[in-house]
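So you can see what is in the structure, the chains are spelled out below.
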Amino acid sequence: MNRRVRVRFAPSPTGPLHIGGVRTALYNYLFAKQNNGDFLLRIEDTDQTRFVPGAEEYIIEAFKWLGINFDEGVGIGGEYGPYRQSDRKPMYKQYADELLNSGWAYYAFDTPEELDSIRKQYEAEKKNFQYDCNTRGALRNSLSLSKEEVEELLHNNVPYVVRFKFPKDTEILINDLIRGEVKMNSNLLDDKVLYKSDGMPTYHLANIVDDHLMEISHVIRGEEWLPSCPLHVMLYEAFGWKDTMPEFAHLPLLLKPDGNGKLSKRDGDRLGFPVFPLQWTDPKTGDISSGYRESGYIPEAVVNILAFLGWNPGTEQEIFSMQELVEAFSIERISKSGAKFDLEKAKWYNHKYLQIASNIEIAKQFDLILKDKQINASLDYIEKVVSLVKERCSFVSDLWEQSSFFFEKPSSYDEKIIQKRWKEDTPEVLKEIIGLLDSVSDFTTENTDKIVHAFIEERQINMGQIMNCLRLSLVGAGKGPNLFDIVSMIGKEESIERINKAIEAIKK
Ligand code: GLU
């Protein structure tokens, strides 16, 4: 019987979510939707020392913005809750006890100071200390101490941890959906802590128990968890849950643009692009890290960018809607090697999505920028401006640079163009054009264009030269969309005023 696909994204609320984490969530989401399965949000907050206020809210808001929706989990609910591990705390003890009783785990009473001093001794002999099958016999735990000693320690509430007891000489096999078979010898693995006497499970125990109880079918997560996977596989074995163990897929790392190492949380603003979906203010230091949202990225573009960092459809198509991604996605096409972040490509995607985005939505955002500059224009007007210049823009924030002349007169005139194009008779010709424009009643792009062109042709004036001077008068530079779109948008009075002003100002 085919199992229902249930996948989870299981972040620890230790700060803002890195885009690598967002990509992990996205791949889980795509896989779930493609298989008509469920996508869960579980918050893994068992390590209270690393808890950061606001991180959970940040994570939820980021996915809302991106349109990556959960079917179950924190903030949504569901039949397998609670979905926040700190709210599940009481249920983990029985699982630690079960492993203690079956001999898959043991109590360890070594204090941090004791372990530290042993570690130092090893270091002095240029060796690495590990709590494992070779060293556990000489340490203070329920395997080395007598039953009575252990009972007394427990009775006296001496702090302890519960450690997993890796069997000796065992080959552990992981069938990774991306990497294929990964083998590991148990002798190399340390007896990881599963549970502490303060009643808190560690990540490993809570993660496996929850994946089991929540009936997770596939674990799709970052490559940094591959070294923990042998322990996870052994835990399924120890609990007798091997027949329902999820399948594993470990995603390749996200690398810095030059390919040298992992893209870290600190890289973003240093390298000139955000590594977080939303802007984040560190609650302790007040430091601000930039976010894709605040940097003007369109959420659909961010989804598309992330989808392609580690996966490709095997076709030429690069622009994918979420629905198209759901249909095209496949774990087989995820690459094994790391994916380099490419800023130019990210901008390219945003440019493409800006062209698809509705002009009125862009206009609303641009209006905020204009208001900041004390410019009040109707949304209708702004929308038309957007439609005329957006093909030259990758971000809403580029619009001003490309369209300021729709809202204000030029304050200077490009010297190079003056030198090259402004001739002695230019003011005369422009004055004639002013007269012409003044007489036009139908001030549309088409009509003004037709009338001015007819005049230039009839008088056999150098077209390129006079058009450049006309543009210089209206825009102050050589840029901008179709000149008669500008003329018709700013209107008769303003056009005439600007040409007059240029004639006054430009003296060669
Ligand atoms: N809590 C882990 C994290 O922060 C989850 C790892 C996993 O998916 O198993 O990434």
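Quick caveat: nothing in here was measured; it's all calculated off a predicted structure.

(A) Quick look at the overall build of the chain. Secondary structure summary: the chain contains 20 helices and 14 strands in total. The C-alpha atoms of the chain give 33 Å as radius of gyration, which overshoots the globular expectation for 508 residues (23 Å, by more than 25%). The dimensions of the chain, computed from C-alpha atoms along their principal axes, are 110 × 55 × 35 Å. With 508 residues in all, the chain has 50% of them scored as buried. Restricting to contacts in the chain with at least 6 residues of sequence separation, those with at least 24 account for 72%. Carbon and sulfur atoms make up 48% of the accessible area of the chain, which amounts to about 24,600 Å² in all. Separation between the mean location of the 63 positive side-chain charges and that of the 79 negative ones in the chain comes to 3 Å.

(B) Examining the pairing of strand β2 (residues 38-41) more closely. By the alternation rule, side chains of β2 split into D38 and L40 and F39 and L41, which are all buried. The pairing of strand β1 (residues 6-9) with β2 spans four bridges and is parallel. Bridged to F9 within β2 is L41. The pairing of β2 with strand β3 (residues 72-73) spans two bridges and is parallel. Across the sheet, L41 pairs through a bridge with G73, a residue of β3. Following the backbone out of β2, through helix α2 (residues 55-66) and into the adjacent parallel β3, one traces a crossover that is right-handed.

(C) Summary view of the site of the ligand. Near the ligand you find R8, A10, S12, E44, Y203, N207, R221 and W225, and these make up its full shell. Take N207: an N or O atom from its side chain is 3.1 Å from an oxygen atom of the ligand. When its residues are assigned to classes, the shell around the ligand shows three nonpolar, two polar and three charged.

(D) Examining the pairing of strand β6 (residues 171-176) more closely. Of the two faces of β6, only one is covered, namely that formed by I172, I174 and D176; the face formed by E171, L173 and N175 stays uncovered. Relative to strand β7 (residues 180-185), β6 is paired through six bridges, and the arrangement is antiparallel. Residue E171 lies in a different strand from β7, and its bridge partner there is N185. Taking the residues between adjacent antiparallel strands as the criterion, β6 and β7 are bridged by three residues.

(E) Region of interest: the nonpolar core. Formed by 154 residues in total, the largest nonpolar core has its most connected members in F406 and F407. No other element matches helix α1 (residues 19-34), which puts nine residues into this core. Apart from residues lying up to four places away in sequence, F406 is in contact with Y381, V385, L388, V389, P481, D485, I486, M489 and I490. One finds L115, I118, F129 and L139 within the second-largest nonpolar core, a separate group that totals seven residues.

(F) Geometry of the environment of N35. Along the polypeptide, N35 turns up in the loop between α1 and β2. On the basis of relative accessible area, N35 is assigned to the partly exposed category, the value being 35%. Separated by 29 residues in the primary sequence, N35 and R6 have C-alpha atoms spaced 9.2 Å apart. Only 2.8 Å separates the side chain of N35 from the backbone oxygen of F31, close enough to count as a polar contact.

(G) Structural detail: the sheet that holds strand β8 (residues 193-196). Across the sheet, which stays open at both edges, the three strands sit in the order β4-β5-β8 with antiparallel pairing between neighbours. Edge strands, defined here as strands with exactly one partner in the open sheet, are β4 (105-108) and β8. Adjacent strand axes in the sheet meet at a mean angle of 30° when their direction is disregarded.

(H) Quick peek at the packing of aromatic side chains. As enumerated under the stated definition, the model contains 32 aromatic pairs in all. Counting every residue linked through ring pairs, the aromatic cluster contains Y27, F308, W311, F320, F329, W348 and Y349. Sitting over the face of the ring of Y122, K127 holds its NZ or CZ atom 5.1 Å from the ring centroid. For the cation-ring pair, R163 lies above Y131, with the distance from its terminal atom to the ring centre recorded as 3.8 Å.

(I) View of the pattern of salt bridges. Counted according to the given criterion, the structure contains 33 salt bridges. The closest approach of N and O atoms between E56 and R84, which form a salt bridge, is 2.7 Å. Remark: R84 occurs in the loop between β3 and α3 (93-102) and E56 occurs in helix α2; sequence separation between them is 28 residues. Taking the shortest distance from any N to any O, the salt bridge between E432 and R459 comes out at 2.4 Å. In this pair, E432 sits in helix α16 (residues 426-439) while R459 sits in the loop between α17 (445-458) and α18 (463-475), placing the two residues 27 residues apart along the sequence. Relative accessible area serves as the criterion here: at 39%, R459 is assigned to the partly exposed category.

(J) How the structure looks around unusual backbone geometry. The residue after G81, namely P82, is reached through a cis peptide bond having omega -5°. With respect to the helices and strands, the residue P82 is situated in the loop between β3 and α3. With phi around 50°, N36 is a residue other than glycine that occupies positive phi space. Here N36 lies in the loop between α1 and β2.

(K) Just the environment of E344, in detail. Within the secondary structure layout, E344 lies in helix α11 (residues 343-356). Separated by 257 residues in the primary sequence, E344 and D87 have C-alpha atoms spaced 43 Å apart.

(L) Expanded view of a negative patch on the surface. Residues E148, E149, E151 and E152 make up a contiguous surface patch of negative charge. Tracing the sequence through the fold places E152 in helix α5 (residues 147-155). For E152, a relative accessible area of 51% gives the class exposed.

(M) Local environment of helix α7 (residues 229-239). The buried count for α7 comes to ten of eleven residues, which makes it a mostly enclosed element. Taken as a whole, α7 has its buried residues at C229, P230, L231, H232, V233, M234, L235, Y236, A238 and F239. G240 sits one or two positions beyond α7 and adopts a positive phi of about 75°.

(N) Representation of α1 within the structure. Look at α1: 22 Å from first C-alpha to last across 16 residues, which is about the 22 Å you get at 1.5 Å a residue. Along α1, 14 of the 16 residues are buried, which leaves the element largely enclosed by surrounding structure.

Parameters at a glance
Residues numbered from 1 in each chain as written. Predicted model: local features only at pLDDT ≥ 70, side-chain atom pairs only at ≥ 80, totals over all residues. Heavy atoms only, no water. Helix = DSSP H or I, 4+ residues; strand = E, 2+ residues; numbered from the N terminus. Rg over C-alpha atoms; globule rule 2.2 N^0.38 Å. Buried < 20%, exposed > 50% of the residue type's maximum accessible area, 1.4 Å probe, protein only. Contact = heavy atoms within 4.5 Å. Areas by Shrake-Rupley, 256 points an atom, 1.4 Å probe, with all protein chains shown as cover. Lys, Arg positive; Asp, Glu negative; His and termini not counted. Charge placed at Lys NZ, Arg CZ, Asp CG, Glu CD. Pairing = 2+ DSSP bridges. Right-handed = clockwise from strand over helix to strand, strands pointing away. Near = heavy atom within 4 Å. Polar contact = N/O pair within 3.5 Å; in protein donor to acceptor, adjacent residues only side chain to side chain. Nonpolar A, V, L, I, M, F, W, Y, C, P; charged D, E, K, R; others polar. Core = buried A, V, L, I, M, F, W, Y, C linked by side-chain atoms within 4.5 Å. Axes fitted to C-alpha atoms, helices over the stretch in contact; angles between N-to-C directions. Phe/Tyr/Trp six-rings, centres within 6.5 Å; stacked < 30°, edge-to-face > 60°. Lys NZ or Arg CZ within 6 Å of the ring centre and 35° of its normal. Salt bridge = Lys/Arg side-chain N within 4 Å of Asp/Glu carboxyl O. Patch = residues over 30% accessible without salt bridge, like charges linked within 9 Å, V, L, I, M, F, W, Y side chains within 5 Å. Expected span 1.5 Å × (residues − 1).

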